[in-house]
Amino acid sequence: MAAGVLILLSTAIGLAFPLFVRDLFDAAFLESNAERLNQFALFLLGLFAVQAVVNFAQSYLTAAVSERVIATLRIDLFGALATQSPGFYSNRRVGELSSRIASDAGIVQSVLRFGIPELIRQGIFLVGALVIVTAESPRLTLVTLTTIPVAIAVAWFFGIRVRRISMGIQ
């Protein structure tokens, strides 16, 4: 739960950054206010420091949870393997079983440690960015949301063609 809160906080800081940069540019170029520019620059440095601490804490908590989950999973797997009959082992090689356990546990660990938190972070970031852009310029949001599907379709079409050409060359 704490890691989830830290992901939300980190994403909120990331979403707030462009708004602060806008104010920084306004202070620098429109108002020519050096004192305000220095205040914004110091504030942004502090914001980056807070984000770094939050990201570290979130990463640490996520790693700790994923390590505990994998340790429990391995204990359960080895316990289940220990209770198997000798006939089970006559059909399978021990090296194959060990390799599968190590490989599968590693995949589960990487998904728990990096995949799920990043998916959550990017999903929140996408929704937050859409809300901010819609609040700032609904017309820009409309243009963006109508052109993205076209760009995806074109990339998909050319991706298929490039894949076919590449397979033909190979």
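Remember, it's a predicted structure, so these values are computed and weren't measured experimentally.

Time to look at the overall build of the protein chain. Per the secondary structure count, the protein chain includes 5 helices and 0 strands. Listing the helices and strands of the protein chain from first to last along the sequence gives α-α-α-α-α. A globule of 170 residues ought to have a C-alpha radius of gyration of about 15 Å, yet the protein chain, at 25 Å, is considerably larger. For the protein chain, the spread of C-alpha atoms along the three principal axes comes to 80 × 45 × 25 Å. Out of the 170 residues in the protein chain, the part that is buried amounts to 18%. In the form shown here, the protein chain has an accessible surface area of approximately 12,200 Å², with 71% of it arising from carbon and sulfur atoms.

When their charged atoms lie close together, side chains carrying opposite charge are able to pair. Summed over the entire model, instances satisfying the criterion amount to 3 salt bridges. In this structure, E136 engages R22 in a salt bridge whose closest nitrogen and oxygen atoms are separated by 2.8 Å. With E136 in helix α4 (residues 94–136) and R22 in helix α1 (residues 2–30), this residue pair connects regions lying 114 residues apart in the sequence. By relative accessible area, E136 is classed as partly exposed at 49%. Measuring nitrogen to oxygen at the nearest pair gives 3.4 Å for the salt bridge that ties E118 to R121. Of this pair, E118 and R121 both sit in helix α4, 3 residues apart, roughly one helical turn. Given a relative accessible area of 35%, E118 falls into the partly exposed group. Judged by relative accessible area, which is 15%, R121 ranks as buried. Taken together, the shared-partner salt bridges connect R22, D23 and E136 into one network.

Over its 29 residues, α1 extends 41 Å from the first C-alpha to the last, a length consistent with the 42 Å expected when each residue adds 1.5 Å. In α1, a bend of some 30° at F17 exceeds every other bend along the element, and P18, a proline, comes one to four places later. A3, L6, I7, S10, T11, I13, G14, L15, V21, L24 and A27 are the residues of α1 that are buried. Where the residues of α1 are buried, they touch α2 (34–82) and α4. Once α1 finishes, S32 follows within two positions and takes phi at roughly 50°, a positive value.

In this section: the confidence of the model for the protein chain. A low pLDDT score tells you not to read the predicted coordinates there in detail. Looking at the protein chain, the pLDDT average stands at 87 and 100% of residues meet or exceed 70. The lowest-confidence element of the protein chain is helix α3 (residues 86–91), averaging 78 in pLDDT; the highest-confidence one is helix α5 (residues 138–169), averaging 89.

Within the fold, S10 resides in helix α1. Its relative accessible area of 4% is what places S10 among the buried residues. If we skip the residues at most four places from it in the chain, S10 touches Q51, V54, N55 and R121.

This part is about a nonpolar patch on the surface. A surface patch of nonpolar side chains, amounting to about 440 Å² of accessible area, comprises L126, L130, L145, I148 and I152. Elements with a contribution of two residues or more to the nonpolar patch: α4 and α5. In terms of residue count, the dominant contributor to the nonpolar patch is α5 (3 residues). If you trace the backbone, L145 turns up in helix α5. On the basis of relative accessibility, which here comes to 44%, the residue L145 falls in the partly exposed class.

About the cut-offs
- Residues numbered from 1 in each chain as written.
- Predicted model: local features only at pLDDT ≥ 70, side-chain atom pairs only at ≥ 80, totals over all residues.
- Heavy atoms only, no water.
- Helix = DSSP H or I, 4+ residues; strand = E, 2+ residues; numbered from the N terminus.
- Rg over C-alpha atoms; globule rule 2.2 N^0.38 Å.
- Buried < 20%, exposed > 50% of the residue type's maximum accessible area, 1.4 Å probe, protein only.
- Areas by Shrake-Rupley, 256 points an atom, 1.4 Å probe, with all protein chains shown as cover.
- Salt bridge = Lys/Arg side-chain N within 4 Å of Asp/Glu carboxyl O.
- Expected span 1.5 Å × (residues − 1).
- Bend = angle between axes of the 7 residues up to and from the residue.
- Contact = heavy atoms within 4.5 Å.
- pLDDT = per-residue confidence, 0-100.
- Patch = residues over 30% accessible without salt bridge, like charges linked within 9 Å, V, L, I, M, F, W, Y side chains within 5 Å.

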